[in-house]
Amino acid sequence: MVAPAVWIVVTLLDGKCLICAFSGSVDPKKFAGFANATLAQAQEMLSRVPCKEDELMRNSTSRRAVSRYLRCWSQALGWSILLILIIAVFLARWLAPCFNQAALLQTRHWSNYIDIEQKIFEETCCEHSRLFAHQCILHFFASMRKEIRQHSFNLPREKEGEEDLLRGITDHDQVNKLLKMWYYEKPPLDVSQEEKMDKFRMVFQFLQSNQESFMSGICGIMALASAQLYSAFDFNCPCLPRYNLAYGLGVLLVPPLILFLLGFVLNNNVSMLAEEWRRPQGQRQKDAAVLRYMFCSMVQRAMIAPAVWVSVTLLDGKCITCAFCTALPVEALGNVSHHGLPQGEVKRVLARIPCKEIYDGQELIANEVAVRYLRCISQALGWCFVLLMTTLAFLVRSLRPCFTQAVFLKSRYWSHYIDIERKLFDETCAEHAKSFAKVCIQQFFQGMSKDLTAAHCHPPRKAPTDAGEASEKLLGITDWDTMNTALKSWH
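Procedures and definitions
- Residues numbered from 1 in each chain as written.
- Predicted model: local features only at pLDDT ≥ 70, side-chain atom pairs only at ≥ 80, totals over all residues.
- Heavy atoms only, no water.
- UniProt positions renumbered as here; feature names shortened; annotations may be inferred.
- Disulfide = S-S within 2.5 Å.
- Helix = DSSP H or I, 4+ residues; strand = E, 2+ residues; numbered from the N terminus.
- pLDDT = per-residue confidence, 0-100.
- Contact = heavy atoms within 4.5 Å.
- Expected span 1.5 Å × (residues − 1).
- Buried < 20%, exposed > 50% of the residue type's maximum accessible area, 1.4 Å probe, protein only.
- Salt bridge = Lys/Arg side-chain N within 4 Å of Asp/Glu carboxyl O.
- Phe/Tyr/Trp six-rings, centres within 6.5 Å; stacked < 30°, edge-to-face > 60°.

Looking at an unreviewed UniProt entry, one finds the protein named Calcium homeostasis modulator protein 1 and attributed to Bambusicola thoracicus. Of the comments in the UniProt record for the protein, the one headed Subcellular location (unreviewed entry) reads "Membrane".

Caption draft 1: A look at the state of the cysteines. Counted by the stated rule, this structure contains 2 disulfides. The disulfide that involves Cys237 links it to Cys322, with 2.1 Å between the sulfurs. Residues Cys237 and Cys322 are joined through a disulfide that is right-handed, its torsion about the S-S bond being 75 degrees. Taken as a pair, Cys237 in the loop between helix H9 (211–232) and helix H10 (244–265) and Cys322 in helix H14 (residues 318–324) lie far apart in primary sequence, 85 residues in all.

Caption draft 2: Seen up close, the confidence of the model for the protein. Taken residue by residue, the protein gives an average pLDDT of 76. The fraction at 70 or more is 74%. Least confident of the elements in the protein is helix H8 (residues 206–209), whose mean pLDDT is 39; most confident is H14, at 93. Between residues 152–163, whose pLDDT stays under 50, and residues either more than four places distant or in other chains, the model counts 19 contacts. Confidence over residues 462–467 falls short of pLDDT 50; this stretch has 4 contacts with residues more than four positions distant or in other chains.

Caption draft 3: Quick look at the UniProt feature "transmembrane region" (unreviewed entry) in the protein. The residues that UniProt annotates with the feature "transmembrane region" (unreviewed entry) are residues 76–96, 245–268, 289–309 and 377–396. The span residues 245–268 is 88% helical and 0% strand by assignment, and the distance between its end C-alpha atoms comes to 37 Å.

Caption draft 4: Region of the structure containing helix H4 (residues 61–95). Here H4 contains 35 residues, and its C-alpha end-to-end distance of 50 Å stays within 8% of the 51 Å for a straight helix at 1.5 Å per residue. The set of residues buried in H4 consists of Ser62, Arg63, Val66, Ser67, Leu70, Ser74 and Gly78. Along its buried surface, H4 packs onto helix H1 (2–14), helix H2 (16–22) and helix H3 (39–47).

Caption draft 5: Fine view of the pattern of salt bridges. Taken as a whole, this structure holds 3 salt bridges when the rule is applied. In this structure, Arg348 and Glu345 form a salt bridge, with 2.4 Å as the shortest nitrogen-oxygen distance. You can see Arg348 and its partner Glu345 sitting in helix H16 (residues 343–350), 3 residues apart, about one turn around the helix. With a relative accessible area of 30%, Glu345 lands in the partly exposed category. With a closest N to O distance of 3.4 Å, Asp360 and Arg352 form a salt bridge.

Caption draft 6: Focus on the packing of aromatic side chains. Tallied over the full model, the rule gives 3 aromatic pairs. Considering the side-chain rings of Trp7 and Trp383, the 5.6 Å spacing of their centres and the 75 degrees angle between planes classify their relative orientation as edge-to-face. Residue Trp7 is located in helix H1, and its partner Trp383 is located in helix H17 (residues 367–399); the two are separated by 376 residues in the primary sequence.

Caption draft 7: Representation of unusual backbone geometry within the structure. One non-glycine residue, Cys239, lies in the positive phi region at around 60 degrees. As for its placement among the helices and strands, Cys239 is situated in the loop between H9 and H10.

So this is what it looks like as structure tokens:
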């Protein structure tokens with residue numbers, strides 16, 4: 001209720017809405033400027049009171065008197081509503097502890113409990129999916145090592161400490177086989193075997209592992225960027241009959257389409273969804289509900305920035321004014337006596353309405369009248385669009401838990417699982433590749449040291465104090481010529 005109350009109070013204190021709404025309802029007998037006018041003339045003049053640029057009422061003292069009269073009433077209503085709201089809030093905060101304090105404390109406690117319980121449940125599900133994916137990946141590497149041994153691959157003996165890093169996958173063909181098996185035959189989701197967690201287990205961070213929270217922040221930034229982009233956009237209507245409609249609707253609809261596609265581009269789940277949809281069946285079934293949940297989540301977030309652009313554009317009114325200025329009802333708004341022009345000439349004159357500096361049809365229809373008419377329609381469409389989007393979001397958030405909540409929870413859990421499994425598999429592969437490269441390079445340097453020794457390249461003798469850790473790091477490559485020979489051989 002806070003935002004609606006602030007809007008109503010500010011609107012009433014400003015007074016423009018009340019002047020526009022009730023200027024035609026003022027009694028003309030209260031103002032001397034309408035004494036000599038008939039009732040119909042007085043009603044027409046009163047209806048033009050909100051229009052400062054109107055030629056008939058521009059310098060009229062009666063217009064200013066009516067505006068002051070209605071603004072006083074509007075401000076009085078605004079201050080009255082503000083006072084009532086403040087008194088109501090004061091009484092609620094002051095008198096609430098006097099009645100049923102125990103019930104109030106219980107209600108507040110359990111309300112907080114429900115909110116905290118839901119958050120902890122989501123965090124626990126995310127942490128569990130991370131640990132679940134970690135166990136699946138470890139089991140997959142272990143099973144691949146057993147399969148490689150069964151197919152008589154020659155596994156080189158590993159030094160102590162390298163077993164945990166390379167996991168028995170120690171040559172080019174084995175790595176390729178592992179990656180191919182992961183794509184075509186993902187392991188079933190079963191980690192009932194107990195296995196000790198190693199150093200890959202990370203501390204859970206909800207905001208980092210929860211892809212939804214991260215993408216919601218990205219979409220909020222895009223929404224603010226779209227509003228800022230429109231404010232910096234230089235709108236230039238061509239003011240030509242055949243181009244106004246295309247330009248106006250293009251500015252209204254093309255940028256939202258670009259922002260919508262950009263929302264998909266910035267969403268990491270797009271590639272993950274495509275991979276999950278296109279992957280072979282393998283040992284793991286593909287759940288259509290999880291794919292639908294991921295797709296709907298992406299669509300909802302991608303629509304935020306386009307909705308903001310359309311809302312801001314319609315509330316501003318320039319696009320609708322440019323696009324539909326040639327469709328104005330001249331008979332209702334213009335001068336009927338000057339309507340004997342050809343249809344093409346009328347279209348040409350009306351097309352220049354958005355360009356005030358070159359408009360030459362004041363005798364046909366006043367520029368201010370036409371612009372105000374189209375802007376009112378555009379703002380009405382804008383507020384209807386905002387109301388529609390808000391209502392849809394409200395219905396989705398309020399009614400979704402009422403239908404198949406268990407299915408929704410399962411879909412969200414496995415959506416998080418797929419994302420976390422992909423990240424952990426990439427991390428495991430990266431660490432495996434790092435260990436693999438380290439072993440290969442060490443073996444290369446050791447082999448080069450043996451080749452150089454066999455070729456009578458005598459490296460300089462090191463002091464006894466260098467025989468420890470430094471000797472292991474140098475691997476027998478200890479002078480300029482020997483290092484150049486090793487680099488050339490590596491290349």
